[in-house]
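What follows is the residue order along each chain.
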Amino acid sequence: MGAHLQFKPITECTTEGRSDQTVAADLDGTLLRSTSAFPYFLLVALEAGSLIRALLLLASVPFVYFIYLFISESYAIKTLVFIAFSGLKIRDIELVARSVLPKFYAEDVRPDTWKVFSSFGKRYIVTANPRIMVEHFVKSYMGADKVLGTELEVTRSGRATGFVKKPGVLVGDHKKMAIVKELGADVPDLGLGDRETDHDFMSICKEGYMVPRTRTEALPRNKLLAPIIFHEGRLVQRPTPLVALITFLWMPIGIILSIIRVYLNIPLPERIVRYNYKFLGIKLIVKGTPPPPPRPGHGGVLFVCNHRTVLDPVVTAVALGRKISCVTYSISKFSELISPIKAVALSREREKDAANIKRLLEEGDLVICPEGTTCREPFLLRFSALFAELSDRIVPVAINTKQSVFYGTTARGYKVLDPYFVFMNPRPTYEITFLDQLPTELMVRGGKSSFEVANYIQKVLGGTLGYECTNLTRKDKYVMMAGTDGRVQSNKEKDFEEKKK
């Protein structure tokens, strides 16, 4: 205990006049509230690896904690690294670090440490975690200039061996040596840590402060340097050992429940499905007054929705209590086969898509999500303007969802499983708000351009939901989440690519 007395608590650290100074801070327990990196290792094991790998990592928790408490922190982390990373492609680990982990890291930042850390002009992270796992988040959202972390051993084929490079896991004296190697005699002005193994690197800093092991509210995410608009992964909650155990125990129950929820409703009329939702634990809240069904010989209404899950058009049909059609940018043959409403895939050929939309509107009501892809966070992506040119009866529909265990969207995974993951939640919730039909003066027929109409509807939906409007697109999302442009190749294009190979 005496060693702790040489460093004051962070509450006594001043933030004034630090803009020209350098800070070096630990991550777990210091900048983050959680003292354990286990949830982030499990996310990598699950999203870059497999469910079996994640279960194995969870089963190792008692063994890892025994090693941590009675042998060494370094060997405990090496065990986590081996189970979570061995055999994984470095490319896959990087994608998970960029698309999955930031959301969970951002929900775990300590406000007191962030206040101090963000006041410095030069910021270093010194962590026992693998550098590849934390680097994207701390640089993009916390403004870190450099990450000194544990380095993974990689094969020539680009896969992690499960072992770490020399000098090993960055704990104790290894953190100190990493700083000396990086900065030389120009030592940091301030060192921040939370445990005794941080004392070595803190001792060479001009000042050192300890972060106490006290419970604190997480820093609001909007206080970080950038908002998290896109994120990937199936888990909603940070998978601590207890949360992960409960989630995996719920999974078989959720799968059975999901299958019942999906297939039991397919043959039923939409007006009956709404009552069946209540029986099956699906909460549907409908606000506003939807327009009446189209009269014979008259075209249908074009319902313009923001996009939260693949089930948006289906749930809109249930809220309306009648059959409608929908257009989507990508749908598997299986999903199209089991869809309770008519679903037509868009080709991204403007004239062809316009003709399809017009034909469907002549047949009846139609749902379109002009964002082109889903967004989990309270943001709206840029709306494609094509729909505004094709109908004089446009009704904006605001959609909000609540999922407590699993996310029903993916950019990298199997999209065919999306509806099942939505319904695997204990009580999935949909809130559908029908807004007023656009007046003539706000449509193309009234003199507005299609872009003005699209931007207006985006703004109206954003205001209703309390979401922020952006100019981001489907391509922006997929570049970040999956390293692709999000474009779905046609069969001809696939055949051409195969011939080139």
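Owing to the predicted nature of the structure, the values given are computational and were not obtained by experimental measurement.

Brief notes about the packing of helix 3 (residues 51-59) against helix 5 (residues 73-85)
Phase 1: One way to put it is that helix 3 packs onto helix 5 with a least axis distance of 9 Å and a crossing angle of 160°. Between helix 3 and helix 5, the interaxial angle falls into the category roughly antiparallel. Of the two elements, helix 3 crosses helix 5, and the hand of that crossing is right-handed. For the pair helix 3 and helix 5, contact is made by Arg 53, Leu 56 and Leu 57 and by Leu 80, Ile 83, Ala 84 and Phe 85, respectively.
Phase 2: Counted by class, the contact of helix 3 with helix 5 contains 6 nonpolar, no polar and 1 charged residues.

Let's talk about the sheet that holds strand 8 (residues 207-210)
Phase 1: Pairing is parallel across the open sheet formed by 6 strands, whose spatial order is 1-8-7-2-3-4. The sheet terminates laterally at strand 1 (8-9) and strand 4 (146-150), the two strands that pair on one side only.
Phase 2: Along the sheet face, helix 9 (residues 131-142) touches strand 3 (122-130) and strand 4 and points at about 155° away from the line of strand 3.

Observations regarding the side chain of Lys 477
Phase 1: Following the sequence through the fold, Lys 477 ends up in helix 19 (residues 474-481).
Phase 2: Separated by 3.0 Å, the side chains of Lys 477 and Thr 373 make a polar contact.
Phase 3: Among all residues touching Lys 477, those that are not within four sequence positions of it are Phe 230, Thr 373, Thr 374 and Ala 411.

Description of the packing of helix 2 (residues 38-49) against helix 3
Phase 1: One way to put it is that helix 2 packs onto helix 3 with a least axis distance of 7 Å and a crossing angle of 155°. Comparing their axes, helix 3 and helix 2 come out roughly antiparallel. As for how helix 2 packs across helix 3, the hand of that crossing is right-handed. Contacts between helix 2 and helix 3 involve Phe 38, Phe 41, Leu 42, Ala 45, Leu 46 and Gly 49 from the first element and Leu 51, Arg 53, Ala 54, Leu 57 and Leu 58 from the second.
Phase 2: For the contact of helix 2 with helix 3, a count of residues per class yields 9 nonpolar, 1 polar and 1 charged.

The rules behind each value
- The residue count restarts for each chain, going from 1 along the sequence in the order it is written.
- Only residues with pLDDT of 70 or above have their local features reported here, since the model is predicted, and side-chain atom pairs are shown and tallied only from 80 upward, although totals for entire chains, interfaces and linings are computed over all residues.
- Think of the side-chain values as coming from all heavy atoms in the structure, minus any hydrogens and water.
- Axes here mean lines fitted to C-alpha atoms, for a helix over just the part in contact, with angles spanning 0 to 180 degrees between N-to-C directions.
- Secondary structure elements are defined from DSSP: runs of H or I of at least 4 residues count as helices, runs of E of at least 2 residues count as strands, and each element is numbered from the N terminus.
- Throughout this description, any angle smaller than 35 degrees is read as roughly parallel, any larger than 145 degrees as roughly antiparallel, any in the 65 to 115 degree range as roughly perpendicular, and the remainder as oblique.
- In this scheme the handedness of a crossing depends on how the near helix is turned from the far one: anticlockwise by less than a right angle means left-handed, clockwise means right-handed.
- What makes two residues a contact is simply this: any of their non-hydrogen atoms within 4.5 Å.
- Amino acid classes used here: Ala, Val, Leu, Ile, Met, Phe, Trp, Tyr, Cys and Pro are nonpolar; Asp, Glu, Lys and Arg are charged; the rest, including Gly, are polar.
- Note: two strands are recorded as paired if DSSP finds a minimum of 2 bridges between them.
- Within 3.5 Å is the distance limit for a polar contact, defined as a pair of N or O atoms, with the added protein rule that one can donate a hydrogen and the other accept it, and that residues adjacent in sequence qualify only through two side-chain atoms.

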